[in-house]
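# Notes for the structure review
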Amino acid sequence: MDPADALALLLSPQGRVNPYPTYERLRGYGPVVQAGPAFHLVTGYAEADAILRDARFGVMDDDLRDQFLPGWRESPAVASISRSMLRTNPPDHSRMRRLAAGAFTPRRIAAMRDVVEAQADELVEGMVARARAGEPIDFMAEFAYPLPVAVICALLGVPAADRPLFRRWATDLTGVLEPEISPDELALADRGATELRDYFTDLVAARRRAPADDLTTALVQAHDGDGHNSASAPPGGATDRMRADGERLSGDELLANLVVLLVAGFETTTNLLGNGLVVLLDHPAEAATLRERPDFAPGYVEELLRYDSPVQLTSRMSAAPTRYGGVDLPAGSWLIVLLGAANRDPGRYPEADRFDPWRPAVHPLSFGAGPHYCLGAGLARLEAQVAFPLLLRRLPGLALAGPGERRVRLTLRGYATLPVTVGDEASPVTDRGTPAGATGSTP
């Protein structure tokens, strides 16, 4: 099988559901593999990490989109994503990212722990209540989706009653992030983008009438400028920081970034929770240790991110000739950086196909690296570090009730459904601190 054949397999339904065997075939050709004219795949950890940090590489800009995706401006999904920080280069990317970054500082994320813990406890209670007859329940619908969506909606100021709307909209829209998309999938993505933009258009209007200390208000005022409704905004909050920056968002940028912040804020974490639970339940000894030692959660989460990444790839274009992995990359080369493959590079992680929460120096590329490093990575980690020990402790009989249904996606790897049973006994809500005798060390 040559690299082009391996790429075709990777993009097939079989390859998307389980890409890891194909990654290994590609790895046999080297850390950087040419799969077509000026088109390369990156499987090596060192090469992927360096390329993502190299200023000579960027995301596809409008001129290249015109070349590779003629008519993209007529697609609400492609146009919306393209106007966000996800798909722009400096200086626009830097400006947009600075305007949103205040909501994701380590201090603000740490301050959300109590909110995350309370929400997770409430969802576990709901799982117990709905599983009293011993019937399986869907972990994705009952926990993995509602936890992160509640957290990002709280940051954005989205009313709790509106949270159920977003799962279908986001599922439809994120199809546009795949390396290939069919006309039917693009139509669904356009529908999702349109519905999300309509929703945020209404929310923006509401925040103009009644500002709040939330990220939506902050970005609205970054669009409107210092004077608009500033007297009614709460002092000392995110909106004050945005006005002080003196930077602006265009109308398209405002809506596009609200859409991306919402979708990215829960899609990745939802996949991390589903993928991670399967790995833990498939490794009962390691799960038992985490149940007794919740302070080990940070190390476990890093290894879960490495072992089965919720984001499997990203792409970059070279603006100047470069050389990586022994391969010359002319200016204009298009690279698919296979994050899931890099995370299992045996040159970086010995026995990379083995889940080992005691593995030293784990630095997964699941949230990227460099200028486009995921803004919400710290929040996703916090939610997983809270969720996994809580689930294992509160639901000691938690078990898979079937293989689950994998989404036929490559970029965002996760489950559509994941049936579980919770067992006969669930532990009550107790002190969430480290158990007596724990040292506070991490694996």
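Within the protein, residue pLDDT values average 90, and 91% of them lie at 70 or more. In this model residues 226-245 is a low-confidence stretch, pLDDT under 50, and it forms 36 contacts with partners more than four residues away in sequence or in other chains. This model gives residues 433-442 a pLDDT under 50, and the stretch forms 15 contacts once residues within four places in sequence are excluded.

This part takes up the sheet that holds strand β1 (residues 32-36). Strands pair in a sheet through their backbones, by hydrogen bonds, and they do so in one of two ways: parallel or antiparallel. Spatially, β1-β2-β8-β5-β3 is the arrangement adopted by the five strands of the open sheet, whose pairing is mixed. Each edge of the sheet is formed by a strand with only one pairing partner; in this case those strands are β1 and β3 (57-58). When strand β2 (residues 39-42) meets strand β8 (residues 334-338), the two strands line up parallel, connected through four bridges. Residue pairing across strands places V42 opposite V337, the latter belonging to β8. Here helix α1 (residues 3-11) sits on the sheet in contact with β1, β2 and β8, set at roughly 85° to β1.

Further remarks concern the state of the cysteines. Applying the stated criterion across every chain yields a total of zero disulfides. Among the cysteines around C153, which has no disulfide bond, C374 carries the closest sulfur, lying 16 Å off.

The next point concerns the environment of P21. Along the chain, P21 falls in helix α3 (residues 20-27). With relative accessibility at 44%, the residue P21 sits in the partly exposed group. Put simply, P21 and T217 are 196 residues apart on the chain and 46 Å apart in space, counted from C-alpha to C-alpha.

Looking now at the nonpolar core. In terms of nonpolar packing, the biggest core is built from 117 residues, with F104, M127, F139, F143, F166 and F200 touching the most fellow members. The greatest single-element share of this core, amounting to 15 residues, is contributed by helix α16 (residues 251-281). Listed in part, the 15 residues of the second largest apolar core include A6, Y23, F39 and A341.

For the rest of this paragraph, the subject is the pattern of salt bridges. For the structure on display, the rule yields 30 salt bridges. A salt bridge links R95 to E253, with the shortest nitrogen-to-oxygen separation between them at 2.8 Å. With R95 in helix α7 (residues 92-101) and E253 in helix α16, this residue pair connects regions lying 158 residues apart in the sequence. Accessibility assignment for this pair places R95 and E253 in one class, buried. Among the ionic pairs, R354 bridges to D356, the shortest N-O distance being 3.6 Å. A relative accessible area of 14% places D356 in the buried class. Connected through shared salt-bridge partners, R168, D172, R191 and E195 make up one network.

Right, let's get into the packing of helix α17 (residues 284-292) against helix α20 (residues 377-394). Put simply, α17 and α20 touch, their axes get as near as 8 Å, and they point 95° apart. What the angle tells us is that α17 and α20 run roughly perpendicular. Mapping the contact onto sequence places A287, L290 and R291 in α17 and F388, P389, L392 and R393 in α20. Classifying every residue of the contact of α17 with α20 by side-chain character gives five nonpolar, no polar and two charged.

Per the stated rule, a full pass over the model turns up 15 aromatic pairs. Here the aromatic rings of W169 and Y199 are separated by 6.2 Å at their centres, their planes lie at 55°, and the arrangement is tilted. Highlighted residues: W169 in helix α12 (residues 166-173) and Y199 in helix α13 (residues 183-209), separated in sequence by 30 residues. Measuring from centroid to centroid gives 5.6 Å for Y199 and F200, while their planes differ by 90°, and the two rings are edge-to-face. Taken individually, Y199 and F200 each receive the classification buried, so the pair is uniform in this respect.

By secondary structure assignment, the location of A297 is in helix α18 (residues 297-307). Considering only alpha carbons, one finds A297 and A384, 87 residues apart in sequence, at a separation of 8.2 Å. Once residues within four sequence positions are removed from consideration, A297 is found in contact with L290, Q385 and P389.

With that out of the way, let us pick up the sheet that holds strand β12 (residues 419-421). Pairing is antiparallel across the open sheet formed by three strands, whose spatial order is β4-β12-β9. In this open sheet, the two strands that pair with only one neighbour each are β4 (137-138) and β9 (399-400). Sheet analysis places β9 next to β12, joined by two bridges and oriented antiparallel. Each residue of the ladder has a partner; that of A399, found in β12, is T421.

The rules we used
Residues numbered from 1 in each chain as written. Predicted model: local features only at pLDDT ≥ 70, side-chain atom pairs only at ≥ 80, totals over all residues. Heavy atoms only, no water. pLDDT = per-residue confidence, 0-100. Contact = heavy atoms within 4.5 Å. Pairing = 2+ DSSP bridges. Helix = DSSP H or I, 4+ residues; strand = E, 2+ residues; numbered from the N terminus. Axes fitted to C-alpha atoms, helices over the stretch in contact; angles between N-to-C directions. Disulfide = S-S within 2.5 Å. Buried < 20%, exposed > 50% of the residue type's maximum accessible area, 1.4 Å probe, protein only. Core = buried A, V, L, I, M, F, W, Y, C linked by side-chain atoms within 4.5 Å. Salt bridge = Lys/Arg side-chain N within 4 Å of Asp/Glu carboxyl O. Parallel < 35°, antiparallel > 145°, perpendicular 65-115°, else oblique. Nonpolar A, V, L, I, M, F, W, Y, C, P; charged D, E, K, R; others polar. Phe/Tyr/Trp six-rings, centres within 6.5 Å; stacked < 30°, edge-to-face > 60°.

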